[in-house]
Amino acid sequence: MRVLVVEDEPEMAGLLRRALVEEGYAVDVAHTGDGGYQLAVTVSYDVIVLDVLLPGASGFEVCARLRRTGVWSPVLMLTARDGVTDRVRGLDGGADDYLTKPFSLVELLARIRALARRGGVARPTVLCAGDLSLDPATRVVRRGQVEIDLTAKEFALLEEFLRHPDTVLTREILLHRCWDFTAETHSNVVDVHIRSLRDKIDRPFQVVSLETVRGAGYRLRRDGGRPTPRPVGNAGVIRA
Ligand code: CA
C-alpha cells in the first residue's frame, strides 16, 4: 500500500511518515499543496493524508483539483481548527474523511485502513448526465449554464435519476426512495412530480431526458437528452 502525506510542518510530516512506514506502507511526503497535487496525479495512491493549512494551495483546493482531474484516491483531511465549516467544506469538496488535530496515531491508522478498503472508485461530488448537473452540497441544478430552480421533491427525484442513469426506475422505487412513511402517497404523486420536473429540466431546452418507459416507469438518459421530436401532426395527411 502506498500513502501520500501532504503536510508542511516538518515535525508532523516526519511523525506521520514514521508511523506509516512502521505499518509497512510505502510513504511519500509533499510539503506544499502543489507538490502534493503533482505527486497525486503521477502516482496512484491508496490513501492521501492531506493537511488543510498549507502554504500556497490549501488542502481544500488540492482535493477539489484532484477530483476535477479524475483522481479518486481516498482523501483523509487533517483540519487544525475544530470548526464544523472546515469539515463540511472538506467533505463537500470531495474528501472522504477528516481528523481534527491533535489526533491519536491509532485512530489515524484505523481511518487509513478503512479508506483503503473503499478504493479509488469515482465518487463525483457533482452528479451529471450530459449537460444536466446537480450538486447535492450547494443544491444547484443546471442545464448547461442555466440554473434551474427545483422544489425539494423535484430535486430529490432528479438526484435519484442522476445516481442511476439509463436505468428504469419504477414508481414504487421512486416512492420508496423519495417519500417517507409519513407521506400520504399514491403512485399518481410520482407522475405529477415527474411532469413538473420535465417542465423545468427538459421542455424549456427542447430536449427529452426523462423518458417514460411504458408499463415500467421512468428513465433518465445518461447523455442528458435527445432533441424533442418534431410534432408529426396532420401535416402529412391528405384529407379527402
Ligand atoms: Ca499545516
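The model shown is predicted, which means the values in this text are computed figures rather than measured ones.

1. Remarks on the coordination of the calcium ion
Phase 1: Around the calcium ion, the protein contributes the donor atoms Asp8 (OD), Glu9 (OE), Asp51 (OD) and Leu53 (O), which lie 2.1 to 2.5 Å from the metal centre.
Phase 2: Positions of the donor residues of the calcium ion along the chain correspond to the pattern D-E-x41-D-x1-L.
Phase 3: Relative accessible area serves as the criterion here: at 1%, Asp51 is assigned to the buried category.

2. Description of the pairing of strand S3 (residues 47-51)
Phase 1: The buried count for S3 comes to five of five residues, which makes it a mostly enclosed element.
Phase 2: Along S3, one buried face is formed by Val47, Val49 and Asp51 and the opposite face, lined by Ile48 and Leu50, is buried too.
Phase 3: Bridge analysis of strand S1 (residues 2-6) against S3 gives four bridges, and the strand direction is parallel. Note on S3: the bridge partner recorded for Val6 is Leu50.

3. With respect to the sheet that holds S1
Phase 1: Spatial ordering of the open sheet is given by S2-S1-S3-S4-S5, a layout of five strands whose pairing is parallel. Bordering the open sheet on either side are strand S2 (26-30) and strand S5 (97-100), each of which pairs with just one other strand. Sheet twist, expressed as the average angle between the axes of neighbouring strands with direction ignored, equals 20°.
Phase 2: Bridge count for strand S4 (residues 75-79) against S5 is four bridges, and the pairing is parallel. Note on S5: the bridge partner recorded for Thr79 is Thr100.

4. Quick word on the domain arrangement of the chain
Phase 1: Considered domain by domain, the chain is made up of domain 1 (2-118) and domain 2 (127-227).
Phase 2: Computed over C-alpha atoms only, the centres of domain 1 and domain 2 are separated by 35 Å.

5. Side note on the packing of helix H2 (residues 33-42) against helix H3 (residues 59-69)
Phase 1: The interhelical angle for the contact between H2 and H3, taken along N-to-C directions, is 25°, at an axis separation of 10 Å. Accordingly, the angle class assigned to the pair H2 and H3 is roughly parallel. Pair H2 / H3 crosses with right-handed handedness. In this structure, H2 contributes Gly33, Asp34, Tyr37, Ala40 and Val41 to the contact, and H3 contributes Val62, Arg65, Leu66 and Thr69.
Phase 2: Of the residues contributing to the contact of H2 with H3, the split by class is five nonpolar, two polar and two charged.

6. Section: the environment of Met12
Phase 1: Residue placement: Met12 occurs in helix H1 (residues 10-22).
Phase 2: Through-space distance from the C-alpha of Met12 to that of Ile148 is 45 Å; in sequence the pair is 136 residues apart.
Phase 3: Those residues within four positions of Met12 in sequence are excluded, and the remaining contacts are Glu7, Lys101 and Phe103.

7. A word on the sheet that holds strand S6 (residues 127-129)
Phase 1: The strand order across the open sheet formed by four strands is S6-S7-S8-S9, and the pairing between neighbours is antiparallel. Each edge of the open sheet is held by one strand with a lone partner, namely S6 and strand S9 (146-148). Averaged over all adjacent pairs, the angle separating strand axes in this sheet is 20°, with direction ignored.
Phase 2: Sheet analysis places S6 next to strand S7 (residues 132-135), joined by three bridges and oriented antiparallel. Along S7, the bridge assignment pairs Leu127 with Leu134.

Definitions and cut-offs
Residues numbered from 1 in each chain as written. Predicted model: local features only at pLDDT ≥ 70, side-chain atom pairs only at ≥ 80, totals over all residues. Heavy atoms only, no water. Donors = N, O, S within 2.8 Å, 3.2 Å for Na, K, Ca; no water. Buried < 20%, exposed > 50% of the residue type's maximum accessible area, 1.4 Å probe, protein only. Helix = DSSP H or I, 4+ residues; strand = E, 2+ residues; numbered from the N terminus. Pairing = 2+ DSSP bridges. Axes fitted to C-alpha atoms, helices over the stretch in contact; angles between N-to-C directions. Domains from an automatic or database assignment. Parallel < 35°, antiparallel > 145°, perpendicular 65-115°, else oblique. Left-handed = near helix turned anticlockwise from the far one by under 90°. Contact = heavy atoms within 4.5 Å. Nonpolar A, V, L, I, M, F, W, Y, C, P; charged D, E, K, R; others polar.

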